[in-house]
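Structural features, examined
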Amino acid sequence: MDQPTLAPEKQLDATTVDEAIAYLRAEYADAVTLDDREGYGGVIVQSNRLVDVARAIRDDLGFDYLSSATAVDYLGAGDHLEMVYHAYRTSGGGSLVFKAQTDREQAEIPSLVPIWRGADFQEREAWDLMGIRFRGHPNLKRILMWEGFHGHPLRKDWREAYYEEDQKPFDNRWPGGQVYRVEERNVFGKNVTYPPDIDLGRLMDSSETAVYQSLGLGVDVERIMDKDGFETNELVVNMGPHHPSTHGVFRMVLTVDGETVTSLEPVMGYLHRNHEKIGERNTYLHNIPFTDRLDYISSMGNNHGYVLAVEQLMSLGRKYNPPTYRCEALRVMMVELSRIVNHLWAIGFWLNDIGAFFTPVLYFVQERERILDFFEAVAGSRMMCNYMRFGGLFGDLPERLKSVSNLTNDRVRDYNTMQFLTEMINERIPRTIDELERLLTQNEILLERSVGVGVLTREDAINYSAAGPLLRGSGVAYDIRRADPYSIYPELDFDIAVEDEGDMYARYRVRVAELRESVRILKQILPRLEATEGESIWADGKPGAYAPRVPHGEAYGRVENGKGELGYYVVSAGGRGGSANPWRYHVRAPSFINLTPMGIMSRGHKVADVVGILGSIDIVLGETDR
Amino acid sequence: MDLNLQELNQTEFPVPAELENNIAITSLSQLYNWGRRNSMWPMLFGLACCAIEMIATAASRFDFSRFGFEVMRATPRQADLMIVSGTVTKKMVVPIVRLYNQMPEPKYVLAMGACASGGGPFKEGYNVVSGMDKYLPVDVYVPGCPPTPQALLYGMIALQRKIDGQSIANGDDVPWYGVSSAEPTPVPVLGPDIIDPRQMDMIRRQAEAAAGDISSLGIRDLPAATQMVAARVAADATAVADATPVSEDALSFVLPSGGAPWAEAEDIREKRRLRALARKALRASRRATVAEEE
């Protein structure tokens, strides 16, 4: 891997995005053209020069952070596949979007893994779901589906077994359709035909062996001489998908020498729920409850990223009113409360992983329950809030919080909402954080287990596209709320939590600091809510359209979620009047991309530490696998 | 869980009033079930969003240990209950069936949430199994997305009620006392798509029938349903063009001519029900005889 080098003599790394694009067009005139499709931005790069241009973007122009790399299938609109890359500067600012196109039949694009290691999993995903081969990729295998699966499901002409129509609402349901259930017509849920000599035994191999083969295992196990001249074998340890410490259905295949990890391969896809395929069938509004189920710990933050992306697209059209101030304040409040929930949960379960089994969690879950009660009273559901809408919200705060479904609880609840919030933000949450710090921050066992373990250097963190506490724990002060601000964050007073060490303990410290910063933000939100009391959450006083039409174009909406940068890349193929369904709906999931450096972080540590390192990254499988 | 003797003492044999707190006369089934229902050990096993609510149910506020569920075991060998908490994907159903096979009898499955019950919001997804009951026998379904902890507790209490109704004397209720060995559930195979070994015969017949038109492995063919929909949306001509029509013959293998594939199962269930009714009647008449003799 070649390291990013700065080229200060050109002074290019301080240019604006437009200047950077102008530079690229001048410097690589034969390879770079402006993307002039309606509503699109950035440049299109000839795929044979892609690696050179990408290196210039990283080294000369200083866009050192590859946030997202994803593919779009333009079947019927040019009939090509397109890779879309979003690069940012870790010093802040907007994105440089560059794209590479390829033929659908012989889809091949050079791999950008030599430039950004963070492209590794994302390119594998593009291969798996879109069928683009990446020339030069070190380990191009399926990542979400199993090896041996037939077809590349995100292609527009690939249809699932329960396919009905390309877009919802389906004709048979609405309006006044003849309702039937699709499985009544496809009883066994199959859409594959098999050869007559199908052999079960032969099929059984493909998915499992592929996992081990990539490690060079199962075929030829390496023999090692230990220090006493004893001949030993490297051992393969398989953890997951059913394992109490993998935070869900995540799987790791490790090779160990004694108890020391020599290599680690994350295996995922056990919760691949096809968000993106379903998202293309859905209307824009349909997708909001689906975003809840990505990172199911902080659903409010997921809503926020998605509505930002679609609002970006809607603002290209004529009829669009941006959200009111009260709406923005409420969004920020909900998102910060989610962040608190997320970090309490993350720290609690990380402690589980390093041996403090379940007792600390009980303390943190207590406060989480309180916040969830609030969410339930406001949005109607504890976890899957489905709260934000394009240009607004599901509803304003109720005047009083009453327990609705909570019949088994010890006492009946009825609070004044603002009083409840004031008490929670000023007293309860800070008290919980104090308690947490008192128990843990100087705790000797915790220090022993976490200091110096799972180190990720600053350079690696950037190059591997790490995000969130993982990035900031490695000394990169990159927080999207400051680096590329959205909503009302620019006017709020808070600091970016950052630690330089890059180990597990640094990540813990970052999370604790972020808890405190969130409380600081919430304290500033309260007076804003009081000042806007009575103001509508919708710009024109009434809720937005049930089925909004979104103008033609692309948008990348990103937020700083609890786990890191959550981005939504949404493409609308709307003609005149806009489209009701996204053409492409891609989720840049922090939990997924943050796993890319898992291998290098674990190497040389003990198996017991691997579990802790995974906990300190803080993944949630709904988002990892989508 | 205190042993409430008065409650347990449900036979007709009178116990002297002074011994009521010390002696209970009950049936073996009842005592046995009382023990089982209050020491259900769930498997420490989370799939998706519902797992978070399951953890919340286990935590201090809702605390399912009040009902005897507290000992969550990470190994299937020590678990009585599998709470399928979340979306079952094709990739994950393989380990799930394997885990289920490793659980000792008596074992129960609780499908938590919409996904585990029937696919839920992700049902149409290409990697999603529409419900755990496609592969495993499910005892209790808990609706919700995700179900609240209260709903999960209610589902667990429903399972306890189910256990209460089982009888050692009835071989259908407690197959683990039967003489025949229990067959493990066949583990699905990840081929070009997921393959349920129980459907192998059907697949092979279907494949042989289609062999005339299609020969190479795993050609993805549009299902019959798609064709019907596609025919209605005739405007989308390009998409329909590359769809190979499924012949009537091929379909007849999917739906055997003898009726629906589940008709046989219905039949067996009906026979069982009748047998159970007969037993119940017999017991009642015996009890009546005893009462008369007294």
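The shown structure was predicted, so the numbers you read here are calculated from the model rather than taken from an experiment. (Residues numbered from 1 in each chain as written. Chains lettered and ligands numbered in written order. Predicted model: local features only at pLDDT ≥ 70, side-chain atom pairs only at ≥ 80, totals over all residues.)

**Some thoughts on the overall build of chain B**
Convention followed: Only DSSP runs of H or I with at least four residues qualify as helices, and only runs of E with at least two residues qualify as strands; both kinds are numbered from the N terminus onward. Contacts are defined on C-beta atoms placed from the backbone: any two residues whose C-beta positions lie within 7 Å are in contact.
Assigned secondary structure in chain B consists of eleven helices and six strands. The long-range fraction of contacts in chain B, counting pairs at least 24 apart against all pairs at least 6 apart in sequence, stands at 69%.

**Remarks on the overall build of chain A**
The condition that has to hold: The globule rule used for comparison is 2.2 Å times the number of residues to the exponent 0.38, while the radius of gyration itself is calculated over C-alpha atoms. With C-beta atoms placed from the backbone, a residue counts as buried when 20 or more other C-beta atoms lie within 10 Å of its own, as exposed when 12 or fewer do, and as partly exposed for counts between those limits.
Helix and strand counts for chain A stand at 21 helices and 20 strands. The globule rule puts the C-alpha radius of gyration for 626 residues at 25 Å, and the 25 Å found for chain A is close to it. Considered along the principal axes of its C-alpha atoms, chain A spans approximately 70 × 65 × 65 Å. In chain A, which comprises 626 residues, the proportion classed as buried is 52%. Taking the intrachain contacts of chain A between residues at least 6 apart in sequence as the baseline, contacts between residues at least 24 apart amount to 67%.

**Re the pairing of strand 12 (residues 251–257) of chain A**
Residue and element names in this part refer to chain A. Applied cut-off: Two strands are said to pair when DSSP picks up at least two bridges between them.
Relative to strand 12, strand 11 (residues 235–239) is paired through five bridges, and the arrangement is antiparallel. When the bridges of strand 12 are listed, methionine 239 appears paired with methionine 252. Inspection of the sheet shows strand 12 paired to strand 13 (residues 260–267) by seven bridges, in the antiparallel sense. Each bridged residue has a counterpart across the sheet, and for valine 253 the counterpart in strand 13 is glutamate 265. Connecting strand 12 to the antiparallel partner strand 13 that follows it, the hairpin turn spans two residues, and glycine 258 within it adopts a positive phi of roughly 70 degrees.

**Concerning helix 20 (residues 607–617) of chain A**
With nine of its eleven residues buried, helix 20 of chain A lies for the most part within the structure. Burial in helix 20 of chain A covers these residues: A:Asp609, A:Val610, A:Val611, A:Gly612, A:Ile613, A:Leu614, A:Gly615, A:Ser616 and A:Ile617.

**Here we look at the sheet that holds strand 13 of chain A**
Adjacent strands of a sheet form backbone hydrogen bonds with each other and so pair up, either parallel or antiparallel. All names here are of chain A. Keep this limit in mind: A fitted line through C-alpha atoms represents every axis, and for helices the fit uses only the stretch in contact; the resulting angles, taken between N-to-C directions, go from 0 to 180 degrees.
Here we have three strands laid out as an open sheet, ordered 11-12-13, and antiparallel in their pairing. With one partner strand each, in any of the chains shown, strand 11 and strand 13 form the two edges of the open sheet. Shown here is a sheet whose adjacent strand axes are inclined to one another by a mean of 20 degrees, direction ignored. Seen against the sheet, helix 20 touches strand 11, strand 12 and strand 13 and runs at an angle of roughly 150 degrees to strand 12.

Take it as geometry only, folks, not as evidence of what the structure does.
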